[in-house]
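The chain contents come next:
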Amino acid sequence: MELGKLGVWYFTDAMSATDAATTAKRIEELGYSALWLPETVGRNPFAHAAWLLANTTSLTIATGIANIYHREPGVTLAAQHTLAEQSDNRFLLGLGVSHKPLVEGLRGLTYGKPVSTMRAYLQKMKASPYTAPRTSEAPKTVIAALGPKMLELAAQEADGAHPYFSSPSHTKMARETMGADAWLCVEQKVIMETDPDKARTVARRAASTYQGLPNYRNNWLRMGLSEADINDGGSDKFIDTTFAWGDKDAIQARIDEHLQAGANHVCVQPIRADGNIQQPDWDALEALAR
């Protein structure tokens, strides 16, 4: 698998399957190398990935991330190999432990210690049988990783990490922690809006979904932000640290910061300034496409 430097991270659950396929095709035509799909309470990401892979020819479809609590390791391995074989190895598996409030509060499951639970899951995946045809090159796996221990695990037991909602300084720390060889595929939220008040208002609305989740909060504190920065919608410092907003050049500069800090791949999440979640910000994607 050859993963280019720039991809797109986007929720497609708000659109029909047909519209999602059209969206994937357009992202492919713009030259982005990958489309990353989350898993929350919407579509099954593996079934949806199969649909999008069947409707594209060169685009990598990645899960960012598939929740390990939603399926046992052998089922995940089978889905990974099936999608890789059907698409000429255009499927990238991203796995994560999600968050305790979602796993226990929403799903009624038991949330384990993140690093040890992920380690055991990856080891069980590797030990699971799979007898159908395989691709000549083993499909890749990255894990959602923010803290040093999970980043170390990403380098030891997977092919790399997929940090979400972080910053270039975090990317630098992640690269130093994982070493030179592991993949580092970072997500970056972008808002193409030059008015500071408007951009930060949109960012605060987007951030509100995440600010109560402990794994993100703990990472923001590690990044040097304070509780005061994170609470009450987020300070300007919080927004400016975790979001890229402004014109094309300002957003491109943030993407370049991640790459210079050691990222192999940056997947931009194009948040529309008008609040519309039915479509990505195509103006931003067209401006940033390389």
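About the criteria used
- Residues numbered from 1 in each chain as written.
- Predicted model: local features only at pLDDT ≥ 70, side-chain atom pairs only at ≥ 80, totals over all residues.
- Heavy atoms only, no water.
- Core = buried A, V, L, I, M, F, W, Y, C linked by side-chain atoms within 4.5 Å.
- Buried < 20%, exposed > 50% of the residue type's maximum accessible area, 1.4 Å probe, protein only.
- Contact = heavy atoms within 4.5 Å.
- Helix = DSSP H or I, 4+ residues; strand = E, 2+ residues; numbered from the N terminus.
- Right-handed = clockwise from strand over helix to strand, strands pointing away.
- Pairing = 2+ DSSP bridges.
- Expected span 1.5 Å × (residues − 1).
- Arc of directions from axis to C-beta.
- Polar contact = N/O pair within 3.5 Å; in protein donor to acceptor, adjacent residues only side chain to side chain.
- Salt bridge = Lys/Arg side-chain N within 4 Å of Asp/Glu carboxyl O.

J.: Can you walk me through the nonpolar core in this structure?
T.: One broad trend across soluble globular proteins is that nonpolar side chains are buried collectively. Judged by nonpolar contacts, the single largest core of 58 residues is most densely connected at L35, L95, M118 and I143. Among all residues touching L35, those that are not within four sequence positions of it are V8, Y10, A24, I27, L52, L59, T60, I61 and A62. Ranked by size, the runner-up nonpolar core spans 29 residues in total, among them W9, A203, L213 and I271.

J.: Could you clarify how one ought to interpret the side chain of H81 in this entry?
T.: Here H81 lies in helix 3 (residues 73-86). With sequence-adjacent residues up to four places away left out, H81 is seen in contact with Y130, R134 and P139.

J.: In this structure, what is going on with the pairing of strand 3 (residues 60-63)? I would like to understand it.
T.: Consecutive side chains along a regular strand alternate between the two faces of the sheet. Side chains T60 and A62 of strand 3 all project onto a buried face; the interleaved residues I61 and T63 project onto the opposite face, where all are buried too. Considered for its hand, the β-α-β crossover made up of strand 2 (residues 34-37), helix 2 (residues 45-54) and strand 3 is right-handed. Note: strand 3 against strand 5 (residues 91-96), 2 bridges, orientation parallel. Pairing of I61 across the sheet is with F91, part of strand 5.

J.: When you look at helix 1 (residues 17-29) in this model, what are you seeing that I'm missing?
T.: An α-helical segment advances 3.6 residues per turn. Residues three or four places apart therefore align on the same side. Its 13 residues place the ends of helix 1 18 Å apart at the C-alpha level, agreeing with the 18 Å of an ideal helix rising 1.5 Å per residue. Along helix 1, the residues classified as buried are A20, A21, T23, A24, I27 and E28. One side of helix 1 holds all its buried residues, which, seen down the axis, span an arc of 160°. With respect to the buried face of helix 1, the exposed residues turned more than 90 degrees away are T18 and E29. Residues of helix 1 that are buried make contact with strand 1 (6-9), strand 2, helix 2 and helix 13 (282-288).

J.: Looking at this structure, how should I read the environment of K189?
T.: By the secondary structure assignment, K189 is in strand 8 (residues 183-191). In this structure, the C-alpha to C-alpha distance between K189 and W245, residues 56 residues apart in sequence, is 8.4 Å. Setting aside residues up to four positions removed in sequence, K189 forms contacts with Y164, F165, Y210, F243, A244, Q269 and I271. Here Y164 takes part through its side chain, which lies 3.2 Å from a polar atom of the side chain of K189.

J.: What's the story with the pattern of salt bridges in this structure? I'm lost.
T.: Inspection of the entire model under this criterion finds 12 salt bridges. Close ionic contact of R43 with D13 constitutes a salt bridge, the shortest N to O distance being 3.7 Å. Linking R43 in the loop between strand 2 and helix 2 with D13 in the loop between strand 1 and helix 1, this pair joins segments that are 30 residues apart in sequence. Classification of D13 by relative accessible area gives partly exposed; the value is 33%. The closest approach of N and O atoms between R200 and D240, which form a salt bridge, is 2.8 Å.

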